[in-house]
Amino acid sequence: MELRAGQRAVVRVAVATLWTCPDAVRPIDTPALGTHVDTGAWIAGMDTDQQVGDCVLSQLLLGEEVLVTEVGPHGWVRVVAVEQAAAGLDPRGYPGWLPTGQLTAAPTNPPAPTGPPAADAPAPTGPLVVDATVTALHATPDGDVRVPGVVLGTRLTPTGPAVDGWRPVHAPGHAEPLWLPDRHTVPLPTRPAAPDEALAVAERLLDVVYIWGGTSPAGIDCSGLVHLAWRRFGVWLPRDAGDQADATTPVELGTERPGDLYFFARPGRGIHHVGIVSALPRPGDDRRMLHACYQRRRVLEERLPDDRTATLVGVHRV
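Residues numbered from 1 in each chain as written. Predicted model: local features only at pLDDT ≥ 70, side-chain atom pairs only at ≥ 80, totals over all residues. Heavy atoms only, no water.

**Student:** Any chance you could explain unusual backbone geometry here in plain terms?
**Tutor:** Both trends apply: most residues other than glycine have a negative phi, and most peptide bonds are in trans. With a phi close to 55 degrees, Asp164 is a non-glycine residue in the positive phi region. By secondary structure assignment, the location of Asp164 is in the loop between strand E11 (155-158) and strand E12 (166-170). Overall, Asp164 belongs to the exposed group, its relative accessible area being 76%. At Asp207, a position not held by glycine, the phi torsion is positive, near 75 degrees. Following the sequence through the fold, Asp207 ends up in the loop between helix H2 (195-203) and strand E15 (215-216). (Helix = DSSP H or I, 4+ residues; strand = E, 2+ residues; numbered from the N terminus. Buried < 20%, exposed > 50% of the residue type's maximum accessible area, 1.4 Å probe, protein only.)

**Student:** Sorry if this is basic, but what is going on with the pattern of salt bridges here?
**Tutor:** Pairing between side chains of opposite charge can happen when the charged atoms of each approach one another. Counted according to the given criterion, the structure contains 17 salt bridges. A salt bridge links Arg231 to Glu64; the nearest nitrogen and oxygen atoms lie 3.1 Å apart. With Arg231 in helix H3 (residues 222-231) and Glu64 in the loop between strand E3 (56-61) and strand E4 (65-71), this residue pair connects regions lying 167 residues apart in the sequence. Across this residue pair, the class does not change: Arg231 and Glu64 are buried. (Salt bridge = Lys/Arg side-chain N within 4 Å of Asp/Glu carboxyl O.)

Any functional reading would require information beyond the geometric quantities listed.
Structure (structure tokens):
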């Protein structure tokens, strides 16, 4: 599909990785580049150094919108991810490069409802969000997989009521509705989520491997974990830790509660890390957090070690 600068587009694969530039892509990155992305295989093939390479900026989920800013060579486009705020980089969103084949033009009209009515299932009334850690979109109920690896937090538009436990949804780049188990989705919340609800989502990602720039349950970084946990509830926090601090409300240290955010910075430098408060603080500065840890290359829950306590600069509430 041909795209042009200034055009809006949406992601058509389950997880699209945002790159610094086309030339930064490594041979190991092949499973993340095509129209049939295998994020799990991509991450499984990396060594620990490749997991934190500086070629990856962020990741976008199926249906996420971008603005094309430049058409590059060999099937690449420069975009801004308009649903991932990055005020210090671009006021429109997070900038980077994507393969053109992972995008399709943004629809100008909503998809029409389809599918037979079911007496025991109401008609769709609003967006859905994937609540399963990972699922897939099928051509028919329990049929061939068309979009594998659809992840937690992906927003979907229903095109009809559930039928025998399967829900038809619109998928970018597909003319006909695709299907997924209805139990894998929930309505996008219309009320503000409580911080401990976001913590509960993040707890489901314990032991997920640390991937610099990752925002999916296949691999994730510290601010990606915060972004994804709140995205599940329809709250789109900025992508990077420093911007997340600017978008949230400081509270007095010692008054934090589970689901709040700890931010960390070294003297004279900007915020470099964020974690989710996982327990009420105890006397003697005994604080705990859940975070995607760069040093240990995984998501873990732990008491703040001394080096973290020394760089703790504040606690904020969403």
